[in-house]
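Coordinates in review
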Amino acid sequence: MCVKRGQMMNELCVTISMEDCFPKALVVFKGIEKNLSAIKDLGYDGIELALYRKDNIDVKALKKLIDEYGLQIPVISTGQMFTMLNVWFTHTDSKVREKAVEEFKGIIDVAAEFGADINVSRVRGYIDENDTLDEGLKKLTECLYEVCEYAKSYNRDILLEQMNRFETNYLCSVKDVGKYIKSLKIPNLKIHADLFHMNIEDVDIYDTLKEYKDHIGYIHFCDSNRLAPGKGHLDFYRTLKTMDEIKYGGWIGLEVLPEPDPYTAAKDSIDYLRTIKI
Ligand code: LER
Ligand code: MN
């Protein structure tokens, strides 16, 4: 559902994780209960929740809380599985890949409770030096088939995030992820675009969004330096205009550095986006 906000038509969520998450987790807020009130007051429609295991949260208690605040959880992200559990989908050891899939399915169970889709970012891993790109992609594909099939039973999408060359060594651009996803033809596997990575890897942000418009399931927003929109050199007017043209009606997730502090970063982000008239 789209909410009309000025002339911007997308719902906004902000990244958050539990207090005892990976210390360097790229989220705006740490600690769920203590931040929901501020997130609601700032005008966000929901939270993107970063988990690494299904038992990181008490589902019943969180459901009650987010209902009380009238917030939603459109996406659960899983990047910390890589750092906290040391498992990933392109690992050369099949036992580790199996463990990654099993843990990921647990997170899908949680996501289904909230009607959330599930992101695959750092948990996709990197192509090992002993594998060719094709061998690495085959490992990823096997895992994705399994988790997409599992998510299908809940009617949820899997969002495969592009990540720049300094964070992984394959599927770095939206174009790469888009071509790969189109070749697989898994209906509930979508592109998760991230403007920070697109700015580094894609030839043209706007043309690429247009080219892969039918496959984009979610978008991370931040500026060129990972700060709040408006603090770097990305053109958010053109980006939002393009999203309007391609009729992207999905969520935008604010994944910005918590600088100078989480509240200010979240406030600066939403305040700036609201000034843009498309
Ligand atoms: C990391 O750069 C990023 O964009 C995250 O969404 C992935 O964990
Ligand atoms: Mn991202």
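That block above? That's the structure.
Residues numbered from 1 in each chain as written. Chains lettered and ligands numbered in written order. Predicted model: local features only at pLDDT ≥ 70, side-chain atom pairs only at ≥ 80, totals over all residues. Heavy atoms only, no water.

Our focus in this paragraph is the coordination of the manganese ion (ligand 2). Taken together, Glu161 (OE), Asp194 (OD), His220 (ND1) and Glu255 (OE) make up the full set of protein donors to the manganese ion (ligand 2), lying 2.0 to 2.3 Å away. If you look at the manganese ion (ligand 2), its six donor atoms make angles of 70 to 176° with each other, and the shape they trace is octahedral. Within one chain, the residues serving as donors to the manganese ion (ligand 2) are arranged as E-x32-D-x25-H-x34-E. Separated by 26 residues along the polypeptide, aspartate 194 in strand E7 (residues 189–194) and histidine 220 in strand E8 (residues 216–221) bring together distant segments of the chain. (Donors = N, O, S within 2.8 Å, 3.2 Å for Na, K, Ca; no water. Tetrahedral: all angles 85-135°; square planar, octahedral: opposite > 155°, others 65-115°. Helix = DSSP H or I, 4+ residues; strand = E, 2+ residues; numbered from the N terminus.)

Further remarks concern helix H9 (residues 236–245). Where H9 is concerned, the buried positions are Phe236, Thr239, Leu240, Thr242 and Met243. Within H9, the buried residues cover an arc of 155° as seen down the axis, which keeps them to one side. Packed against the buried residues of H9 are helix H7 (195–201), helix H8 (205–211), E8, strand E9 (252–254) and helix H10 (262–274). Between the side-chain oxygen of the N-cap and the backbone nitrogen of tyrosine 237 there are 3.2 Å, and the N-cap of H9 in question is aspartate 235. Count one or two residues on from H9 and you reach lysine 247, which has phi positive near 60°. (Buried < 20%, exposed > 50% of the residue type's maximum accessible area, 1.4 Å probe, protein only. Arc of directions from axis to C-beta. Contact = heavy atoms within 4.5 Å. Polar contact = N/O pair within 3.5 Å; in protein donor to acceptor, adjacent residues only side chain to side chain.)

Approximately 370 Å³ is the volume attributed to the largest pocket. Around the largest pocket, the lining comprises 22 residues; the ones closest to its centre are Leu26, Gly79, Ser121, Arg122 and Glu255. Partitioned by chemical class, the residues of the lining of the largest pocket number six nonpolar, eight polar and eight charged. Volume-wise, the second largest pocket comes out at about 150 Å³. In terms of lining residues, the second largest pocket is bounded by 13 residues, among which Asp117, Asp157, Gly217, Gly250 and Trp251 are the most central. The set of elements that each furnish at least two residues to the lining of the second largest pocket consists of strand E4 (72–77) and E8. Tallying contributions element by element places E8 first for the lining of the second largest pocket, with three residues. (1 Å grid on protein atoms, 1.4 Å probe; cavity = no way out; pocket = protein on both sides within 12 Å on 5 of 7 lines; lining within 4 Å. Points joined across faces, edges and corners; volume = space filled by probe spheres on them. Nonpolar A, V, L, I, M, F, W, Y, C, P; charged D, E, K, R; others polar.)

The next subject is the site of ligand 1. Every residue lining ligand 1 is accounted for by Leu26, Ser121, Arg122, Glu161, Glu167, Asp194, His197, His220, Arg226 and Glu255. Take glutamate 161: an N or O atom from its side chain is 2.8 Å from an oxygen atom of ligand 1. In the environment of ligand 1, an oxygen atom lies 2.6 Å from a nitrogen or oxygen atom belonging to the side chain of glutamate 255. If ligand 1 stood free it would expose 260 Å²; the protein chains cover 89% of that surface. One can see that ligand 1 is located within the largest pocket. Here the residues of the shell around ligand 1 sort into one nonpolar, three polar and six charged. (Near = heavy atom within 4 Å. Areas by Shrake-Rupley, 256 points an atom, 1.4 Å probe, with all protein chains shown as cover. Sits in = over half its atoms within 2 Å of the grid points.)

Working definition: an aromatic ring pair is given by the centre-to-centre distance plus the angle between the planes. One pass over the full model with this rule turns up six aromatic pairs. Judged by centre distance (5.4 Å) and plane angle (55°), the rings of phenylalanine 221 and phenylalanine 236 are tilted. With phenylalanine 221 in strand E8 and phenylalanine 236 in helix H9, the pair connects residues that are 15 residues apart, well separated along the chain. Note on phenylalanine 236: relative accessible area 1%, which makes it buried. Among the aromatic residues, ring-to-ring pairing joins Phe82, Trp88 and Tyr126 into one connected group. (Phe/Tyr/Trp six-rings, centres within 6.5 Å; stacked < 30°, edge-to-face > 60°.)

As a further point, take the packing of helix H2 (residues 59–69) against helix H4 (residues 94–114). Interaxial distance between H2 and H4 falls to 11 Å at its minimum, and their mutual angle equals 30°. Looking at the two axes, H2 sits roughly parallel to H4. Relative to H4, the crossing made by H2 is right-handed. Of the residues in H4, those touching H2 at Val59, Leu62, Lys63 and Ile66 are Val110, Glu113 and Phe114. Each residue belonging to the contact of H2 with H4 can be placed in one class, and the counts come to five nonpolar, no polar and two charged. (Axes fitted to C-alpha atoms, helices over the stretch in contact; angles between N-to-C directions. Parallel < 35°, antiparallel > 145°, perpendicular 65-115°, else oblique. Left-handed = near helix turned anticlockwise from the far one by under 90°.)

Before going further, it helps to spend a moment on the side chain of serine 17. Counting through the fold element by element, serine 17 comes out in strand E1 (residues 12–17). Serine 17 sits in the buried class, given a relative accessible area of 0%.

Among the structural elements, histidine 192 can be located in strand E7. With a relative accessible area of 0%, histidine 192 lands in the buried category. Setting aside residues no more than four positions away along its own chain, histidine 192 makes contact with Asn119, Leu159, Leu160, Glu161, Gln162, Tyr218 and His220.

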